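Spelled out from the first residue to the last, the chains are:
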Amino acid sequence: MIKMEKTCGSIKCDVLCDGKVIGEMDGVIITQWFLKNNYRYTGTFSRFTTKNPELSRSGITVDIKFRNSKMMAKQASIDWIRGPSKNGTFLAKNIEYDEAEESI
């Protein structure tokens, strides 16, 4: 049984690798699917810019922090990025609620 449960998005997201911000994504949309008794998180983005151009490639694993909410897509693997426009897709391991910002 495949069931789409939730979809959320953000105009701007921070991209983290090993806990450090390496760039940002524009136009991020993530969908939560229920597939074979497991949750699956797939997403798209319209632009991925980094401070280091070598990190702007498919195959890397990053965390995506949504700026408009306290959500974070953990261990998001970038599936593919299209050439000059830098749009593409990713598959996240899970979604977490960032409680650290509540104490600020």
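Here's a quick rundown of the structure. Along each chain, residue indices are assigned from 1 in the same order as the chain's sequence is written. Residues qualify for local features only when their pLDDT is at least 70, as the model is predicted, and side-chain atom pairs are given and counted only at 80 or more; totals for whole chains, interfaces and linings, by contrast, use all residues. Calculation of side-chain values draws on the structure's entire complement of heavy atoms; hydrogens and water are dropped beforehand.

1. Focus on the side chain of Ser10
Numbering of helices and strands starts at the N terminus; helices are DSSP runs of H or I of at least 4 residues and strands are runs of E of at least 2. Examined against the element boundaries, Ser10 turns out to sit in strand E1 (residues 2-17). A distance of 3.4 Å separates polar atoms of two side chains, one belonging to Ser10 and the other to Asn68. Setting aside chain neighbours within four positions, we find Ser10 in contact with Gly27, Val28, Phe66, Arg67 and Asn68. Any pair of N or O atoms that falls within 3.5 Å is considered a polar contact. Within protein, one atom must be able to donate a hydrogen and the other to accept it, and sequence-neighbouring residues count only if both atoms are side-chain atoms. The contact criterion used throughout is that any non-hydrogen atoms of two residues lie within 4.5 Å.

2. A short note on the packing of aromatic side chains
Ring pairs are drawn from Phe, Tyr and Trp, using the six-membered ring of Trp, whenever the two centres fall within 6.5 Å, and their geometry is named by plane angle: stacked under 30 degrees, edge-to-face over 60, tilted for the rest. Tallied over the full model, the rule gives three aromatic pairs. Ring plane angle 65 degrees and centroid distance 5.2 Å describe the contact between Phe34 and Tyr39, whose orientation is recorded as edge-to-face. We call a residue buried when its accessible area falls under 20% of the maximum for its residue type, exposed when it is over 50%, and partly exposed in between, using a 1.4 Å probe and counting protein chains only. Relative accessible area serves as the criterion here: at 45%, Tyr39 is assigned to the partly exposed category. Here Phe45 and Phe48 contribute two aromatic rings whose centre-to-centre distance is 6.0 Å and whose plane-to-plane angle is 75 degrees, an arrangement assigned as edge-to-face. Overall, the relative accessible area of 1% leaves Phe48 in the buried class.

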